[in-house]
Amino acid sequence: MSITKYTLEPDAKPTKAQIKEIKEASKKPVVYDEDSPKLTDEQLSEFAKIAKQQREERKKKVIALRVNTSTLEKAKKLGKGYTAILSRMIDLCIDDKELLKKCL
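(A) Just the pattern of salt bridges, in detail. All chains considered together, the criterion is met by three salt bridges. The salt bridge partner of K49 is E46, with a shortest N-O separation of 3.4 Å. Here the residue K49 and the residue E46 both occupy positions in helix α2 (residues 41–58), the gap between them amounting to three residues, near one helical turn. With a relative accessible area of 39%, E46 lands in the partly exposed category. The salt bridge partner of K59 is E56, with a shortest N-O separation of 3.3 Å.

(B) How the structure looks around unusual backbone geometry. The backbone of D11 shows a phi angle near 65°, a positive value even though the residue is not glycine. Turning to its location among the elements, D11 is positioned in the segment before α1 (16–26).

(C) Molecular detail of the environment of K20. As for its placement among the helices and strands, K20 is situated in helix α1. Put simply, K20 and T7 are 13 residues apart on the chain and 17 Å apart in space, counted from C-alpha to C-alpha.

(D) Quick look at the state of the cysteines. Scanning the entire structure with this criterion turns up zero disulfides. C93 takes part in no disulfide bond, and the closest cysteine sulfur, belonging to C103, lies 3.8 Å away. Owing to a relative accessible area of 15%, C93 belongs among the buried residues under this scheme.

Cut-offs applied
Residues numbered from 1 in each chain as written. Predicted model: local features only at pLDDT ≥ 70, side-chain atom pairs only at ≥ 80, totals over all residues. Heavy atoms only, no water. Salt bridge = Lys/Arg side-chain N within 4 Å of Asp/Glu carboxyl O. Helix = DSSP H or I, 4+ residues; strand = E, 2+ residues; numbered from the N terminus. Buried < 20%, exposed > 50% of the residue type's maximum accessible area, 1.4 Å probe, protein only. Disulfide = S-S within 2.5 Å.

What follows is the structure, given as structure tokens:
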């Protein structure tokens, strides 16, 4: 058995070779040992609770927002996903005290 290590870069997509390797690995049986023992039902239940909580925390709320026509046109020029970009911009502004002061 061999161990393969990768360094993942943010927003990097896996290569075709990596996708192939993942698909092949998914067909192999899981081998438990002392470094990675099988999880108990209690541990699995705890992981499920934590995962559900994290999904709730990441869930975004839908709001209505009034913006200038020119601002909306510029945002739409960013292409598909422009609303996610606007959301991240708001997050950055809210967290940046100096930038927030300029907007008040």
